[in-house]
Amino acid sequence: PAGHAEVNINITPDNAEINADIKNGGFRHISAGVFSGINTHASVKSFDEIKISTFTAMLNGSPFTMGIDFKQEGSRGRAALLIKADKMTLSEQSDMAKTPEEPKKDIAENKPYLPDATEESILDKWINSVLVLDTNAEIAVKHFDSEYFETYGLLLKADVSGLDRSLKNANGNAMLSASMG
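Summarised in this report is the structure supplied together with it. All values reported here derive from a predicted model rather than from experimental measurement. (Residues numbered from 1 in each chain as written. Predicted model: local features only at pLDDT ≥ 70, side-chain atom pairs only at ≥ 80, totals over all residues. Heavy atoms only, no water.)

What about the overall build of the chain?
Within the chain one finds one helix and nine strands. Mapped from its N terminus to its C terminus, the chain presents α and β elements in the order β-β-β-β-β-β-α-β-β-β. Taking all 181 residues of the chain together, 26% fall into the buried category. In the chain, the proportion of contacts linking residues at least 24 apart, taken out of those at least 6 apart, comes to 44%. About 12,500 Å² of surface is accessible on the chain, with carbon and sulfur atoms providing 56% of the total. (Helix = DSSP H or I, 4+ residues; strand = E, 2+ residues; numbered from the N terminus. Buried < 20%, exposed > 50% of the residue type's maximum accessible area, 1.4 Å probe, protein only. Contact = heavy atoms within 4.5 Å. Areas by Shrake-Rupley, 256 points an atom, 1.4 Å probe, with all protein chains shown as cover.)

As structure tokens, then:
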């Protein structure tokens, strides 16, 4: 990992506010590999408004772009996702992402805080508050490769409203296409 990050975080028991700018950053993802040259701005005004302005990077040496926009009003959420990549290789665990196993330590005296089983995390509360989701997504990958599937020209587009846990009220279009692989 490298680069420069400026991050402001304010977390309360009921909310989180985050503003982050990353310039020429990098990290390893366990199944996708190495992201480098990351430039982005992320803004979480609350759990009700999350935005990652164009996230540009190199993914294992190939161009990668992503954008996310989420807004919640009451129990209804609206999400937009855009991902474009020249090449994306996913594996159960990328060789580049594997880290050497660390020796096991006796941590009996350093027990972590374990919440009461009845406690609901901030994230759980937020997920459970979005009862209906309207979404617009586009994922375009020129060359996609995974352990069981390889293709060129992978394109997924979705414009669906009324998504809920039952899917009974979902309405819209979704399209998946790929050429030879």
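From this point on, the discussion continues.
Concerning the pattern of salt bridges
One pass over the structure, following the stated rule, counts four salt bridges. Across the salt bridge formed by R76 and D134, the nearest N and O atoms sit 2.8 Å from each other. Taken together, the residues R76 in strand β6 (residues 76-89) and D134 in strand β7 (residues 132-145) connect sequence positions 58 residues apart. Residue R76 is classed as partly exposed on the basis of its relative accessible area of 40%. Residues participating in the shared-partner salt-bridge network are K45, E49 and K71. (Salt bridge = Lys/Arg side-chain N within 4 Å of Asp/Glu carboxyl O.)

A word on the sheet that holds strand β1 (residues 4-12)
Strand order across the open sheet formed by nine strands is β1-β2-β3-β4-β5-β6-β7-β8-β9, with mixed pairing between neighbours. The sheet terminates laterally at β1 and β9 (171-177), the two strands that pair on one side only. Across the sheet, the mean angle from the axis of one strand to that of its neighbour is 10 degrees, orientation sign disregarded. Where β6 lies against β7, 13 bridges are found, and the strand directions are parallel. Residue pairing in the sheet places K84 in a bridge with A140 of β7. (Pairing = 2+ DSSP bridges. Axes fitted to C-alpha atoms, helices over the stretch in contact; angles between N-to-C directions.)

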